[in-house]
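What follows is the residue order along each chain.
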Amino acid sequence: MKRFRRLRQNENIRNFVCENKIDVNDLIYPLFVIEGVNIKSPIDSMPNIYQYSIDRIDEELQKIAKAKIPAILIFGIPEYKDEVGSGAYDDNGITQKAIRFIKEKYPELLIIADVCLCEYTSHGHCGLVRNCEILNDETLPLLSKTAVSLAKAGADIIAPSDMMDGRVCAIRSALDDNGFINIPIMSYSAKFASGYYGPFRDAAGSAPHFGDRKSYQMDPANGREAIREIEDDLNEGADMIIIKPALAYMDILSKARECFGIPCIAYNVSGEYAMVKAAAQNGWIDEKRIVLENMISLKRAGADRIITYHALDVAGWLNA
Ligand code: PBG
Ligand code: ZN
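If you're wondering where the values come from, they're calculated on a predicted model, not measured in any experiment.

J.: Sorry if this is basic, but what is going on with the pattern of salt bridges here?
T.: Proximity of charged atoms lets side chains of opposite charge pair with each other. Summed over all chains, the structure comprises 17 salt bridges. Here Lys299 ties to Asp26 by a salt bridge, and the two come within 3.1 Å at their closest N and O atoms. Taken together, the residues span a long stretch of sequence, with Lys299 in helix α10 (residues 287–301) and Asp26 in the loop between α1 (11–16) and β1 (27–34) at a distance of 273 residues. In this structure Lys299 comes out as buried when scored by relative accessible area, which is 15%. Salt-bridge contacts for Arg167 lead to Asp162; the nearest nitrogen and oxygen are separated by 3.3 Å. Via salt bridges that share partners, Asp26, Lys299 and Arg305 belong to a single interconnected network.

Following this line, the structure appears as structure tokens:
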């Protein structure tokens, strides 16, 4: 007789036929570093996530090292912003300084550097602006300069998140020309114009001051276009790709996994984190159970690695 339940009857047999696993090595933890001294500043919409000044960041790095999380994704919050986002490609910018500090103390920790201008521009857009238009080609040299500057500071992986067309090609040749032929590009290839980034923009102070990001980030309605975006980034030289957000876009993740052989990374973004934390704080859901279920679901859908604000918690549960 057909009985699916034969393989579910006890934990040993369930473990034996389990198809997917989440491991500490799957996790990438985002980190916010802010200019200034003695700062550990909470982010209201992201419980347990903080902005750290460099002199305070070791507190967080020790936890990451102890948890054996292999990689961080670093975001800098500068003191000054201008029209052209010059803090992004300043060799003494906040992100560059933080990377040098971390690399020296924790050489084995992989540092993934987000490349974008929105944290550094006074208007909060990811590229140069003229007459309320976000300029594509004029932005590319600045993104390239940013990538080179971050690589010089010690970043192990460059992750462009701006969604300008042609940035992977521009960044690849700039890295190569400057002797960084071995620095991989992890491109935010399928990045949607999403409401789920709200809490991040509080954390990074990067909300656009006018309009929105719909003229460069993708329309949430478009799945086929996401595959073409990924294809294009791979042709331009991307070594790995990011799908973002993660949970509402698992169809894209799953298709990308089927279509391409490269590492696929899911970005479980700030709004996804905030929703889980809010419900958990209200006692409406079991946080550990829900978070681990989200993680295994991303693995099942095809994620090789997961960028998540839950990383320290997940590592704690897995290591326990
Ligand atoms: C910068 C960037 C954003 C996120 C990562 N890099 C914000 C945005 O595009 O507005 C969002 C991450 C998150 O929500 O956790 N472009
Ligand atoms: Zn941006």
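J.: So what exactly am I meant to see when it comes to the pairing of strand β2 (residues 40–43) here?
T.: Successive residues of a regular strand alternate their side chains across the two faces of the sheet. Strand direction decides the pairing type here: β2 and strand β3 (residues 46–52), joined by 4 bridges, are antiparallel. What sits directly across from Ser41, in β3, is Gln51. Hairpin geometry of β2 and β3 is characterised by an intervening segment of 2 residues between the two adjacent antiparallel strands.

J.: Whenever I open this one, the site of ligand 1 confuses me. Can you help?
T.: Not every one of the 18 residues close to ligand 1 is listed here, only the nearest: Lys191, Arg201, Lys244, Ser270 and Tyr309. In this structure, Ser161 approaches ligand 1 through a side-chain N or O atom, which is 3.2 Å from a nitrogen atom. Measuring from an oxygen atom of ligand 1, one finds a side-chain N or O atom of Arg201 at 2.7 Å. Protein contact buries 100% of the 400 Å² of open area that ligand 1 shows by itself. Here ligand 1 occupies the largest cavity. Its residues assigned to classes, the shell around ligand 1 comprises 10 nonpolar, 3 polar and 5 charged.

J.: Where do I start with a nonpolar patch on the surface in this structure?
T.: Residues Leu7, Phe16 and Val17 make up a contiguous nonpolar surface patch of about 320 Å² in total accessible area. Relative to the assigned elements, Leu7 resides in the segment before α1.

J.: How should I be thinking about helix α7 (residues 224–236) in this particular structure?
T.: Think of an α-helix as turning once every 3.6 residues; residues three or four places apart then point the same way. Relative to the 18 Å expected for 13 residues at 1.5 Å per residue, α7 spans 19 Å between its end C-alpha atoms, a close match to the ideal helical length. Where α7 is concerned, the buried positions are Ala226, Ile227, Glu229, Ile230, Asp233 and Glu236. Buried residues along α7 sit against α5 (167–177), β9 (186–191), β10 (240–244) and α8 (250–259). In the stretch just after α7, Gly237 is the one whose phi turns positive, near 115°.

J.: Help me understand the side chain of Thr146, please; the structure alone is not making it clear to me.
T.: Relative to the helices and strands, Thr146 resides in helix α4 (residues 140–153). There is a polar contact of 2.7 Å between the side chain of Thr146 and the backbone oxygen of Leu142. Contacts of Thr146, omitting those with residues within four sequence positions, involve Ala88, Tyr89, Val115 and Leu117.

About the criteria used
- Residues numbered from 1 in each chain as written.
- Chains lettered and ligands numbered in written order.
- Predicted model: local features only at pLDDT ≥ 70, side-chain atom pairs only at ≥ 80, totals over all residues.
- Heavy atoms only, no water.
- Salt bridge = Lys/Arg side-chain N within 4 Å of Asp/Glu carboxyl O.
- Helix = DSSP H or I, 4+ residues; strand = E, 2+ residues; numbered from the N terminus.
- Buried < 20%, exposed > 50% of the residue type's maximum accessible area, 1.4 Å probe, protein only.
- Pairing = 2+ DSSP bridges.
- Near = heavy atom within 4 Å.
- Polar contact = N/O pair within 3.5 Å; in protein donor to acceptor, adjacent residues only side chain to side chain.
- Areas by Shrake-Rupley, 256 points an atom, 1.4 Å probe, with all protein chains shown as cover.
- 1 Å grid on protein atoms, 1.4 Å probe; cavity = no way out; pocket = protein on both sides within 12 Å on 5 of 7 lines; lining within 4 Å.
- Sits in = over half its atoms within 2 Å of the grid points.
- Nonpolar A, V, L, I, M, F, W, Y, C, P; charged D, E, K, R; others polar.
- Patch = residues over 30% accessible without salt bridge, like charges linked within 9 Å, V, L, I, M, F, W, Y side chains within 5 Å.
- Expected span 1.5 Å × (residues − 1).
- Contact = heavy atoms within 4.5 Å.

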